[in-house]
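Fold and geometry: a report
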Number of protein chains: 2
Amino acid sequence: MSRSMKTIRLTVLATIAVLGLTPSMQAADPLPSWNDTAPKKAILTFVEKVTKPGSPDFVPVAERIAVFDNDGTLWSEQPMYFQILFALDRVKALAPQHPEWKEKEPFASLLKGDVKSALAGGEPTIMQIVMTTHAGMTTGEFDTIVRDWVATAKHPKTKRLYTEMVYQPMLELLAYLRANGFKTYIVSGGGVEFMRPWTERVYGIPPEQVIGSSIKTKFEMRDGKPALVRLPEINFVDDKDGKPVGINQQIGRRPIAAFGNSDGDHQMFQWTTAGGGARLAVIVHHTDAERETAYDRTSSIGRLDKALDEAQVKGWTVVDMKNDWKVIYSLQTK
Amino acid sequence: MSRSMKTIRLTVLATIAVLGLTPSMQAADPLPSWNDTAPKKAILTFVEKVTKPGSPDFVPVAERIAVFDNDGTLWSEQPMYFQILFALDRVKALAPQHPEWKEKEPFASLLKGDVKSALAGGEPTIMQIVMTTHAGMTTGEFDTIVRDWVATAKHPKTKRLYTEMVYQPMLELLAYLRANGFKTYIVSGGGVEFMRPWTERVYGIPPEQVIGSSIKTKFEMRDGKPALVRLPEINFVDDKDGKPVGINQQIGRRPIAAFGNSDGDHQMFQWTTAGGGARLAVIVHHTDAERETAYDRTSSIGRLDKALDEAQVKGWTVVDMKNDWKVIYSLQTK
């Protein structure tokens, strides 16, 4: 073989190996947990269009950016965002160091197990609980706290680990997109440092591809060693209008595909689909009361109303979880 | 060949091709513009240690994060930061739309070519000029403005394009690290949206691996299309204490190697080297008055004082540009 032939052969083999496109895998269904309904077809068609060399919709690998909401899109979010359940567990864990909480709301009600009364104050009360439980330690200490919780805490209804309540069809979708050269990002209203300790293991998404809400941190020397200390002050809210802002701040490119489930993702869908060329917007619609929870226009968690209306007008893809997904959670396949 | 042998062979070939480690390249000097002095040896030794399987200092590819300051580390920064020169050029370009500037400082002095008087007000004056020239447009419009400037504007002293004033030895270093599985990031006090339009072409660093200072942006609908509008308000200052904060916010992992040239990089060096395992901190010391500019402890631009002292104590690598680099700018090699 000539040197240039060798180079070409090497490159082809490398590309095949890197993309995971061995002939046997290509023949297999990349989305086995999806029924052969419209959403699956829309996804497969889009990926084929943007990856086929010579196609008018071809997109170079560097620009294949796909963004995913987390709560309600990659894992469940009922009866409330899992990060709030984490904060409530933290209040219980910290209570021995705070005897004054027995007399002080919202902690007193929480410690008696009366979550409803505790959270009756709404947003300001939730912020108070979040700041009390998420700030005051170094980033390294918080990382350890999250890892420990994720490894042991159980969901109040399913009694499963929270990381077992991720959607199997979405795991397949993440892997399928990556196998086709996409860089997959999380763009979530959840805390960025609440997600990063486990997203690589659970979703295959590394820390640098996680965008989320954050509190301010401060660099300081502690015992002669540099530390980043978490402050009880909001830095950025990565929700609604904030999602395109966070995407621009952290990625600096417009995504070509966006996946979400609520009005919190509405502006991310608008921003993504307003770019030139082929674009994909997919809404996960929670329609399955039996296998998960059914909710949309009137839910206080994960409300899906305006984005659902615009999906009809703009032709965005809506996944009907009940009819389009063979299984919901990853453990159901085992 | 058995199927498993084939798989192994494929993987090996793929790895070789992806890392660019063909035998002929491995034999060549990866840093030809560096003299064979201590800094080059320190860099080669470090990379060998962290990439050699079985080495006690081995670091998995996913954790091979290297961060680079930009001004004074990857390109020049004298007689003042190039982004300030950009802002001054923008004042001239915008002057016809602002007849009132003829009577209003600092614009009046600037338009007369008296930069010294114009900037006499120091930091607040510079901020006023930056906000006037960097805000009020969409992110897409600003991207175009920067691209046009970078393609045409010339440095006042060298009369070269600014992107020709990048350091050839550092370009080789970036390529060498990437060939060894490193992800290379810029972590600069400069504006993130001032850098992203050209860093991929010039440094091979994609937008999502550029961290910098930023102003706030606002999502809004303009003529029925979503836009991000740049506001005249600081969002984040990615300098000094801000560098570890920015790294944590955007990467979420601690780098194992950091490259800088001034006290603005001091905390980034501290944060990087405080992690476990092998660490590399490299200071580019501007010692070459003939081929570039010589400055350090007393310079108002790129002051290098405290970090230089700590380098002695901690054993950080200091590059003496005059003695350690065969050439300075990339064009000198042609």
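This text follows the structure it describes.
Here is a short report on the structure shown in this document. (Residues numbered from 1 in each chain as written. Chains lettered and ligands numbered in written order. Predicted model: local features only at pLDDT ≥ 70, side-chain atom pairs only at ≥ 80, totals over all residues. Heavy atoms only, no water.)

**Thoughts on the side chain of Thr317 of chain B**
- As for its placement among the helices and strands, Thr317 of chain B is situated in strand β7 (residues 317-320).
- With residues up to four places along the chain from it excluded, the contact list for Thr317 of chain B reads Pro39, Ala42, Leu280, Ala281, Val282 and Ile283 of chain B. (Helix = DSSP H or I, 4+ residues; strand = E, 2+ residues; numbered from the N terminus. Contact = heavy atoms within 4.5 Å.)

**Brief notes about helix α10 (residues 192-203) of chain A**
- Across the twelve residues of α10 of chain A, ten count as buried, placing the element largely inside the fold.
- Buried within α10 of chain A we find Val192, Glu193, Phe194, Met195, Arg196, Pro197, Trp198, Thr199, Val202 and Tyr203 of chain A. (Buried < 20%, exposed > 50% of the residue type's maximum accessible area, 1.4 Å probe, protein only.)

**With respect to the packing of aromatic side chains**
All names here are of chain A.
- Counted according to the given criterion, the structure contains 32 aromatic pairs over all chains.
- Taking the centre distance of 4.3 Å and the plane angle of 5° together, the rings of Phe68 and Phe259 count as stacked. Taken together, the residues span a long stretch of sequence, with Phe68 in strand β1 (residues 65-68) and Phe259 in strand β5 (residues 257-260) at a distance of 191 residues. No difference in accessibility class separates Phe68 from Phe259, as the two residues are buried.
- Three or more aromatic residues joined by ring pairs make a cluster, and in this case those are Trp75, Phe82, Phe86, Phe142, Trp149, Tyr162, Phe194, Trp198 and Tyr203.
- Here the basic side chain of Arg230 rests over the ring of Phe142, its NZ or CZ set 3.9 Å away from the ring centre.
- Above the plane of the ring of Trp271 lies Arg254, whose end atom (NZ or CZ) is 3.8 Å from the centre. (Phe/Tyr/Trp six-rings, centres within 6.5 Å; stacked < 30°, edge-to-face > 60°. Lys NZ or Arg CZ within 6 Å of the ring centre and 35° of its normal.)

**Let's talk about the interface of chain B and chain A**
- Taken together, the contacts link 39 residues of chain B with 39 residues of chain A.
- Here chain B and chain A share an interface that buries about 3,500 Å² over both sides, 55% of which is from carbon and sulfur atoms.
- For chain B, the biggest contributors to the area lost against chain A are Glu208, Phe219 and Gln249 of chain B; these three give 18% of the whole.
- At the surface where chain B touches chain A, the tally comes to six salt bridges.
- A salt bridge links Glu208 of chain B to Lys183 of chain A; its shortest N-O distance comes to 2.8 Å.
- Counting across the interface, chain B meets chain A through 15 residue pairs in polar contact (both at pLDDT 80 or more).
- Elements with a minimum of two residues in the side of chain B that touches chain A: α1 (3-19), β2 (183-191), α10 (192-203), β3 (210-222), β4 (225-236), α11 (242-250) and α12 (266-273) of chain B.
- Per-element accounting of the side of chain B that touches chain A gives the leading share, six residues, to α1 of chain B.
- A class-by-class count of the residues in the side of chain B that touches chain A yields 19 nonpolar, eleven polar and nine charged. (Buried area = accessible area lost by both parts, 1.4 Å probe. Salt bridge = Lys/Arg side-chain N within 4 Å of Asp/Glu carboxyl O. Polar contact = N/O pair within 3.5 Å; in protein donor to acceptor, adjacent residues only side chain to side chain. Nonpolar A, V, L, I, M, F, W, Y, C, P; charged D, E, K, R; others polar.)

**Re the sheet that holds β2 of chain B**
Residue and element names in this part refer to chain B.
- The seven strands lie next to each other as β4-β3-β2-β1-β5-β6-β7, forming an open sheet whose pairing is mixed. A strand with exactly one partner marks an edge of an open sheet, and here the two such strands are β4 and β7. Between one strand and the next, the sheet's axes are offset by a mean angle of 30°, whatever the strand orientation.
- Relative to β2, strand β1 (residues 65-68) is paired through four bridges, and the arrangement is parallel. Directly across from Phe68, in β2, lies its bridge partner Ile186.
- Strands in contact with helix α7 (residues 123-134) are β3 and β4; relative to β4, the strand with the most contacts, it is inclined by about 175°. (Pairing = 2+ DSSP bridges. Axes fitted to C-alpha atoms, helices over the stretch in contact; angles between N-to-C directions.)

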